[in-house]
Amino acid sequence: MDSIAAVRSRDAIAFSVLDSEVRLGILDSLYDLTVASGPLAGNAAYSTIKADVGVEDSGRFSYHLDKLTDQFVTKTESGYRLAEPGREVVRLRRTGVLTEDPTVEAEPVDGECYRCGGGIQAFYRRGYLVTRCPECIGLIDHELVAEGTLASVSYPPSGVTGIDIETAFDRSHRRSAHTFRAMADGFCPNCGHDVTTTLPPAKGEEPGDDGYGFRHVNHDGMVRFACDHCGRRHISHPLYATDDRDPMARFFARNGIEPGWERVAAVMSWPVTAVGSDLVFETPDGIRFRVDEGLDVSRE
Ligand SMILES: [Zn+2]
Ligand SMILES: [Zn+2]
């Protein structure tokens, strides 16, 4: 494996190649002109891309196209097409995550606070979709989050641009569920490496050495996921992270508990007790689900 310094050097060169509006224009043009993904994509002719980007000087256009070729753009016998890194750059830019910073003020959304049963609000700020209860202390206790914060989910600016906050609230929670399920299955959906799962420390034990996580959460029985490679980390409810497997999947279906906020609010409101190194959660109708360290769930 290459050293960190060697990887960093190659990445710096790759970013420097992107430091041109004309080159980003070429990537956008190719993305739109060749449409389909991967091996199904077509080619675009030199003259078509040039006209699309609007650069008249052929020397100048060729210079920029050459800089992108091999790494971001593939030259073929009949024209040019985007290589996967070029597609990734376009997709990343279209999320707005690099440069957009929209704010959406708090609005009431359809859902209930799992702590106090009050109405909840959602707002968007600095790349996070935040769900908050105006009536109680919420879940997260940290100087950087608003009082009453129940959930704070990183979500791209594109998800709240031209999309109302109620829809964004629903989608951000459904999206989180997919991320948590993958991590509960043992791998990181971002980078494909292994994930370490940690259940909360027993009473009297310190919550880990990195200062991250459990100590800022006003709730027992959460699980922490940490990717060993890219460092992606989340705290979730273990039954929310395993809601696509039985016995959870069948339980939710039978009780009509919908994915998204409704499901997370349901599991968050069930009392939890530690039994040895396992956690036991009890539903309102008296069903007990046991979660072990490997995140296997059984019905007692
Ligand atoms: Zn509340
Ligand atoms: Zn990762």
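Residues numbered from 1 in each chain as written. Chains lettered and ligands numbered in written order. Predicted model: local features only at pLDDT ≥ 70, side-chain atom pairs only at ≥ 80, totals over all residues. Heavy atoms only, no water.

1. Focus on the overall build of the protein chain
What counts, and what does not: Numbering goes from the N terminus for both helices and strands, where a helix is a DSSP run of H or I of at least four residues and a strand is a run of E of at least two. Exposed residues in this analysis have more than 50% of their type's maximum accessible area, buried residues have under 20%, and partly exposed residues fall in between, with area computed by a 1.4 Å probe over protein chains only. Contacts between residues were defined by any pair of non-hydrogen atoms, one from each residue, lying within 4.5 Å. Values of accessible area rely on a 1.4 Å probe in the Shrake-Rupley scheme; residue burial ignores everything except the protein chains shown. Positive charges come from Lys and Arg alone, negative charges from Asp and Glu alone, with His and the N- and C-terminal ends not counted. Think of each charge as sitting on NZ of Lys, CZ of Arg, CG of Asp or CD of Glu.
Looking only at helices and strands, one finds nine helices and 13 strands in the protein chain. Once the C-alpha set of the protein chain is aligned to its principal axes, its extents read approximately 75 × 45 × 40 Å. When burial is assessed residue by residue, the protein chain has 41% of its 300 residues classed as buried. Considering only residue pairs separated by 6 or more positions, the protein chain has 49% of its internal contacts joining residues 24 or more positions apart. Accessible surface for the protein chain amounts to roughly 16300 Å². Of this, 48% is attributable to carbon and sulfur atoms. For the protein chain, the distance from the average position of its 32 positive side-chain charges to the average position of its 47 negative side-chain charges is 3 Å.

2. Points about the pairing of strand β2 (residues 79-82)
Selection rule: Two strands are counted as paired when DSSP detects at least two bridges linking them.
On β2, burial covers both faces: G79 and R81 on one face and Y80 and L82 on the other are all buried. Alignment of strand β1 (residues 73-76) against β2, held across four bridges, turns out to be antiparallel. Paired with K75 across the strands is Y80, a residue of β2. The hairpin formed by β1 and β2 contains two residues between the paired strands.

3. Focus: the coordination of the zinc ion (ligand 2)
Cut-off, in case you're wondering: Coordinating N, O and S atoms are those within 2.8 Å of the metal (3.2 Å for Na, K and Ca), and as water is not part of the atoms, a site may appear to have fewer donors than expected. Between 85 and 135 degrees for all angles marks four donors as tetrahedral; over 155 degrees for opposite donors together with 65 to 115 for all other angles marks four donors as square planar and six as octahedral; every other arrangement is irregular.
The zinc ion (ligand 2) binds to the protein through C188 (SG), C191 (SG), C227 (SG) and C230 (SG); the donor distances cover 2.3 Å. Between the four donor atoms coordinating the zinc ion (ligand 2), the angles at the centre fall across 97 to 118°, so the site counts as tetrahedral. Residue classification places C188 among the buried residues on the basis of a relative accessible area of 1%. When its relative accessible area of 6% is taken as the criterion, C227 is described as buried.

4. Let's talk about the coordination of the zinc ion (ligand 1)
Around the zinc ion (ligand 1), the protein contributes the donor atoms C113 (SG), C116 (SG), C133 (SG) and C136 (SG), at 2.2 to 2.3 Å from the metal centre. One can describe the donor arrangement at the zinc ion (ligand 1) as tetrahedral, given that its four donor atoms subtend angles of 102 to 118° at the metal. As a motif over one chain, the donors of the zinc ion (ligand 1) read C-x2-C-x16-C-x2-C. Pair noted here: C116 is in the loop between β3 (104-112) and β4 (119-125) and C136 is in the loop between β5 (128-132) and β6 (149-154), with a separation of 20 residues, a long-range link. Overall, C116 belongs to the partly exposed group, its relative accessible area being 40%.

5. Here's the deal with the nonpolar core
Selection rule: We call a set of buried residues a nonpolar core when its members are Ala, Val, Leu, Ile, Met, Phe, Trp, Tyr or Cys and they connect through side-chain atoms within 4.5 Å of each other.
Membership of the largest hydrophobic core comes to 52 residues, with the highest contact counts inside it found for L129, F225, L239, W261, W270 and F289. At seven residues, helix α6 (residues 165-184) tops the list of elements feeding residues into this core. Ignoring any residue separated from it by four or fewer positions in sequence, one finds W270 in contact with L239, M248, F251, F252, F281, E282, T283, P284 and F289. Counting residues in each nonpolar core, the second largest holds 19 residues, with L18, V22, L27 and V73 among its members.

6. Focus: unusual backbone geometry
Note that the residue after D246, namely P247, is joined by a cis bond; omega there is 10°. Looking at the secondary structure, you find P247 in the loop between α7 (238-241) and α8 (248-255). Phi angles above zero are rare outside glycine, and D70 is one such case at about 90°. Along the chain, the position of D70 falls in the loop between α4 (58-68) and β1. In this structure, R126 is a non-glycine residue whose phi angle is positive, near 50°. According to the relative accessible area criterion, R126 is exposed, its value standing at 63%.

7. Let's talk about the side chain of T149
Cut-off, in case you're wondering: In protein, a polar contact means a hydrogen-donor-capable atom and an acceptor-capable atom, both N or O and within 3.5 Å, with residues adjacent in sequence counting only if both atoms are side-chain atoms; elsewhere, any N or O pair within 3.5 Å suffices.
Structurally, the position occupied by T149 is in strand β6. From its side chain, T149 meets the backbone oxygen of A146 in a polar contact 2.6 Å long.

8. Overview of a negative patch on the surface
Here is the rule: By definition, no residue in a patch forms a salt bridge, and every one has over 30% relative accessible area; like charges are joined within 9 Å, nonpolar side chains (Val, Leu, Ile, Met, Phe, Trp, Tyr) within 5 Å. What makes a salt bridge here is a side-chain nitrogen of Lys or Arg within 4 Å of a carboxyl oxygen of Asp or Glu, nothing more.
On the surface, E107, D110, D164, E166, E258 and E262 cluster together into a negatively charged patch. Locating E262 in the fold gives a position in helix α9 (residues 261-268).

Any link to function would need more than the numbers given here.
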